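One letter stands for each residue in the lines below.
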Amino acid sequence: MSAEQGRASAPFEVIIIGGGMVGTALACLLGRAGLEVALLDAREAPLDREAVGKGPPSMRVSALTPVSQQLLAGLGAWAWMASRRVSPYRFMQVWDGEGSGAVNFSADQAGVPVLGHIVENDVTLAALEACLAELPSVQARFDARVAGLEADAAGRTVLLEDGSRLTAPLVVAADGARSPLRAMAGIDVSSRDTGQVAVVTTVRTHRPHGGVARQVFLPTGPLAFLPLRIEGDDRHCSIVWSTTPQEAERWVAMPGEALGVALGVALAAAIDHRLGKVTVTDRALAVPLTQRHAQRYVLPGFALVGDAAHSIHPLAGQGVNLGLMDAAVLAEELVTGRRRGLSPGDVALLGRYARRRRGDNAAMLALMDGFRLLFGARHPALTLARNLGLSGVDRLGPLKRLLMQQATGHRGRLPRACRALSRRDAG
């Protein structure tokens, strides 16, 4: 991999815009199959691997499912990630903060070694960038800002702000929820403002978290305590608290020392003091929560993956997992099409990717939105119904197994890159 500017005339088969986790994973998958790929990112340089995963944890984390872990292991990224910092969780507790309804999951019940891992996004990305460096058919260009997108007989041409032009049969937008490439391609998006803002920070708790991911539904929105293990200490958690814009603004504006105490007290009370005293160890970030879904995933010579195609409420930490699945399915279809002599931009080939992914993504978006609306309702009858529902799920084996499959990513037709994770590799 080179951060230097590549030749504009390079005969690329695929150009990927966006070097985040999903775009870089897609580049790795295609590069391992020998496709000529250009990966463009606006960042000035790749991550410094020596600095990643050391010191205080980053606030940007993801809950990676066993299916996503299998994909990363197959790419050769997981071993490095595990040598830095990954935090497995084997249990999940979900309860209603306004009642007695609760449901509990365990890895043993789901038939997997772990339910997932909480991993800092920089750790995952640094590992993927290292894998990319070993693939000679992939050119990575940093400080590359896209100025335009054109369609012609050769496929799609990307115009960069430095004046260079890159052409390939297929351009893939992996450039985030507000994707400029999606707009350039003329693809509309359906969006729903949830009316909530996620407050994100890191805390240290008095009691060990025990490898349990905890989530409580509060009147203002869901609150997640995601377990982190930092240098052998399992009294750290990443916090995602979906709340009102006014409440989020109050926490973000609060000075550091006051925030550490006041927000810690509020968080401890919100989870019924299950982990004892809570101390905030970082600043607080506010992330507006808007759910988006592109009306189309593909056009001739163009495709969307990850947040460019769909952005989801962080209720279950599924966003990056859905994106990695997009990358795995698109890569599988492209490699299969290449063996059959099809162009990467072939609309029928891309249509197979869209059909495989759109339904699963839409179902997950609808499920998360349904949870948000149900648990945001204040009517006493709905409060009773959801408490009975949660308790019922905890007692009903088939329904509980279905929800665990959703949580671990084992649903639908998995691409080959995401199958068959052994118990030994998953621990």
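Read on for a plain summary of the structure. (Residues numbered from 1 in each chain as written. Predicted model: local features only at pLDDT ≥ 70, side-chain atom pairs only at ≥ 80, totals over all residues. Heavy atoms only, no water.)

As for the overall build of the protein chain
When you go through the protein chain residue by residue, the secondary structure sums to 13 helices and 21 strands. With 427 residues in all, the protein chain has 56% of them scored as buried. The long-range share in the protein chain, meaning contacts at least 24 apart out of those at least 6 apart in sequence, stands at 74%. Roughly 17,700 Å² of accessible area belongs to the protein chain as shown, and the carbon and sulfur atoms make up 54% of that amount. (Helix = DSSP H or I, 4+ residues; strand = E, 2+ residues; numbered from the N terminus. Buried < 20%, exposed > 50% of the residue type's maximum accessible area, 1.4 Å probe, protein only. Contact = heavy atoms within 4.5 Å. Areas by Shrake-Rupley, 256 points an atom, 1.4 Å probe, with all protein chains shown as cover.)

A closer look at helix α1 (residues 21–32)
Its 12 residues place the ends of α1 16 Å apart at the C-alpha level, agreeing with the 16 Å of an ideal helix rising 1.5 Å per residue. Of the residues flanking the end of α1, it is glycine 34, one or two places downstream, whose phi is positive at about 90°. (Expected span 1.5 Å × (residues − 1).)

So, a positive patch on the surface
Residues Arg339, Arg413, Arg416 and Arg419 make up a contiguous surface patch of positive charge. Residue position: arginine 416 is located in the loop between α12 (397–408) and α13 (423–426). Residue arginine 416 is classed as exposed on the basis of its relative accessible area of 63%. (Patch = residues over 30% accessible without salt bridge, like charges linked within 9 Å, V, L, I, M, F, W, Y side chains within 5 Å. Salt bridge = Lys/Arg side-chain N within 4 Å of Asp/Glu carboxyl O. Lys, Arg positive; Asp, Glu negative; His and termini not counted. Charge placed at Lys NZ, Arg CZ, Asp CG, Glu CD.)

Focus: the pattern of salt bridges
In the structure shown here, the tally under the stated rule is 19 salt bridges. One salt bridge in this structure joins arginine 90 and aspartate 108, with 3.0 Å as the shortest N-O distance. In this pair, arginine 90 sits in the loop between β4 (87–89) and β5 (91–96) while aspartate 108 sits in helix α4 (residues 107–110), placing the two residues 18 residues apart along the sequence. Its salt-bridge partner being arginine 229, residue aspartate 234 comes within 3.8 Å of it at the nearest N-O pair.

Quick notes on the sheet that holds strand β10 (residues 155–160)
The sheet built from 3 strands is open, its strands ordered β9-β10-β11 with antiparallel pairing. Of all the strands in the sheet, just β9 (146–152) and β11 (165–168) have a single pairing partner and so form its edges. On average, each strand axis in the sheet is tilted by 20° relative to the strand beside it, whichever way the strands run. The pairing of β10 with β11 spans 4 bridges and is antiparallel. When the sheet's bridge partners are listed, valine 158 is paired in β11 with leucine 166. (Pairing = 2+ DSSP bridges. Axes fitted to C-alpha atoms, helices over the stretch in contact; angles between N-to-C directions.)

Here we look at unusual backbone geometry
In the Ramachandran plot, glutamate 231 falls in the positive-phi region, its phi being about 50° despite a non-glycine side chain. Mapped onto the elements of the fold, glutamate 231 is located in the loop between β15 (221–230) and β16 (233–243). A positive phi is found at aspartate 272, a non-glycine position, where the angle reads about 60°. If you trace the backbone, aspartate 272 turns up in the loop between α8 (256–270) and β17 (278–280).

Re helix α9 (residues 319–339)
Compared with the 30 Å implied by 1.5 Å per residue over 21 residues, the 31 Å span of α9 between its first and last C-alpha is a close match. Counting buried residues along α9, 18 of its 21 residues qualify, which places the element largely inside the surrounding structure. Just beyond α9, the residue with positive phi is glycine 341, at close to 80°.

Regarding the side chain of aspartate 175
Turning to its location among the elements, aspartate 175 is positioned in the loop between β12 (170–173) and α6 (180–184). The side chain of aspartate 175 is buried and forms no salt bridge, while arginine 182, the nearest opposite charge, is found at 6.9 Å. Within the structure, aspartate 175 has its side chain in polar contact with the side chain of serine 179 (distance 2.5 Å). In contact with aspartate 175, not counting residues within four places along its chain, are Ile17, Gly18, Pro180, Leu181 and Ala308. (Polar contact = N/O pair within 3.5 Å; in protein donor to acceptor, adjacent residues only side chain to side chain.)

What about the nonpolar core?
Ranked by internal contacts, the top residues of the largest apolar core, which has 82 residues, are Ile15, Ile16, Met81 and Phe302. When residues in this core are grouped by element, the largest group, 10 residues, is from α9. Beyond its immediate sequence surroundings of up to four residues, methionine 81 is in contact with Leu64, Leu72, Val86, Val119, Val123, Thr124 and Ala127. (Core = buried A, V, L, I, M, F, W, Y, C linked by side-chain atoms within 4.5 Å.)

Quick word on the pairing of strand β7 (residues 116–120)
Burial runs high along β7: 5 of the 5 residues are buried. The alternating pattern of β7 places Gly116, Ile118 and Glu120 and His117 and Val119 on opposite faces, both of which are buried. In this structure, strand β3 (residues 61–64) lies alongside β7, joined through 4 bridges in antiparallel fashion. Note on β7: the bridge partner recorded for alanine 63 is isoleucine 118. Summarising the sheet, β4 and β7 pair through 3 bridges and their orientation is antiparallel. By the bridge assignment for β7, serine 87 is matched with isoleucine 118.

Some points on the pairing of β5
Here 5 bridges tie β5 to strand β6 (residues 102–106), and the two strands are oriented antiparallel to one another. From the neighbouring strand, methionine 92 faces β6, where its bridge partner is phenylalanine 105. Here β5 pairs with strand β14 (residues 212–218) via 6 bridges, running parallel. Residue valine 94 lies in a different strand from β14, and its bridge partner there is glutamine 215.

Section: the environment of glycine 345
In this structure, glycine 345 sits in the loop between α9 and α10 (347–376). We classify glycine 345 as buried; its relative accessible area is 12%. Spatially, the C-alpha atom of glycine 345 lies 9.6 Å from that of alanine 154, the residues being 191 residues apart in sequence. Leave out the neighbours within four places in its chain, and glycine 345 touches Pro169, Leu170, Pro300, Gly301 and Leu350.

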